[in-house]
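Results of the structural survey
Listed below are the residues making up each chain.
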Amino acid sequence: MATYEAVRVHPLVVFAIAESHQRRNEDQKRVIGTLTGNVVDDVIIVKDCFVVPHNETHDEVAVDMEFGRSMVEMRRRVNSSESVVGWFSSSAHISEHSALIQEYYARETPAGMQPIHLSLDTGLTGDRPSMQAHVSLPMGTPGKVTGSMFCRVPCNVLCMDPEKVALHHLQQPRVNGDIQQIGLSCTKMLDQLNSIMKYVDGVLAGEVKGDETVGRHLLDLVNSVPRMEPHAMHTMLNGTTQDLLMMMYMATLVETPLTLQERIRTAHL
């Protein structure tokens, strides 16, 4: 039976689970769904998910299996590199119904793969949202009645560079207008450049011990900057700004007749 060292979850999955829980029916206590991704060196990478309709009562649980299979088949046509790796629940509570759902997903995952159960505490029972991953392992004695138990697997969020940028912007206070946002971004960039220059000056003066890894990153950063004359850079920026202003102007021209047409249609009604 497959064992995993850890589970890495992309932020998109966490947001999708939280949003689906927010949009659930009033009589539902939780939502469940399928997790897709792949396995790399005994580490499960969860990249995406989707909700699967289900009906759960105190005595039984029913899952729309055909819907889940249809969604998996459509996703394979778009991205064949991902497969079913488990299922999620928008509740931190694990009940006897969870074992039944786990058995269903054990038949949907690739051969030799143990599905994971990802639970997100949307009820905020602690001081912060928590996320846990479990696998089902058999238990019992030989020749006797056997059962299964959920065992935890180390789980954390895996952020790529674009996702880090997006999460950073989400954490920032809301600003009015694009110009103010650009100003804040430029101020942050200048602060980072000042920190880099202070570090380089300290290394050259012998006050700070140099780090080879940091030096390679700085070299890659310098080499990534386009080598252009100042007047060429100025011309390029002006041209880009003019193109952007023209697009905004054209969008406004298109929006005006559409708004007028909508108001005329509403008046006739």
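For the structure itself, look to the data block above.
Cut-offs and rules
Residues numbered from 1 in each chain as written. Predicted model: local features only at pLDDT ≥ 70, side-chain atom pairs only at ≥ 80, totals over all residues. Heavy atoms only, no water. Phe/Tyr/Trp six-rings, centres within 6.5 Å; stacked < 30°, edge-to-face > 60°. Helix = DSSP H or I, 4+ residues; strand = E, 2+ residues; numbered from the N terminus. Buried < 20%, exposed > 50% of the residue type's maximum accessible area, 1.4 Å probe, protein only. Arc of directions from axis to C-beta.

A short note on the packing of aromatic side chains
Tallied over the entire structure, the rule returns 2 aromatic pairs. Between Trp-87 and Tyr-105, the aromatic rings sit 6.2 Å apart at their centres with planes inclined by 10 degrees, giving stacked as the arrangement. You can see Trp-87 sitting in strand β6 (residues 83–89) and its partner Tyr-105 sitting in helix α3 (residues 96–108), a full 18 residues away along the chain. With a relative accessible area of 1%, Tyr-105 lands in the buried category. When the ring of Tyr-104 is compared with that of Tyr-105, the centres are 4.7 Å apart and the planes differ by 70 degrees; the resulting orientation is edge-to-face. Tyr-104 sits in the buried class, given a relative accessible area of 4%. Through pairs of rings, three or more aromatic residues link up here, namely Trp-87, Tyr-104 and Tyr-105.

A closer look at α3
Inspection of α3 places His-97, Ser-98, Ile-101, Gln-102, Tyr-104 and Tyr-105 among the buried residues, and these make up the whole buried set. Taken down its axis, α3 places every buried residue within 160 degrees of arc, on the same side. Residues of α3 that are exposed and angled more than 90 degrees away from the buried face: Glu-96 and Arg-107.

Side note on unusual backbone geometry
Although it is not a glycine, Asp-41 adopts a positive phi angle of roughly 55 degrees. By secondary structure assignment, the location of Asp-41 is in the loop between β2 (32–40) and β3 (43–51). According to the relative accessible area criterion, Asp-41 is exposed, its value standing at 67%. Look at Asp-42: it is not a glycine, yet its phi comes out positive at around 65 degrees. Relative to the assigned elements, Asp-42 resides in the loop between β2 and β3.

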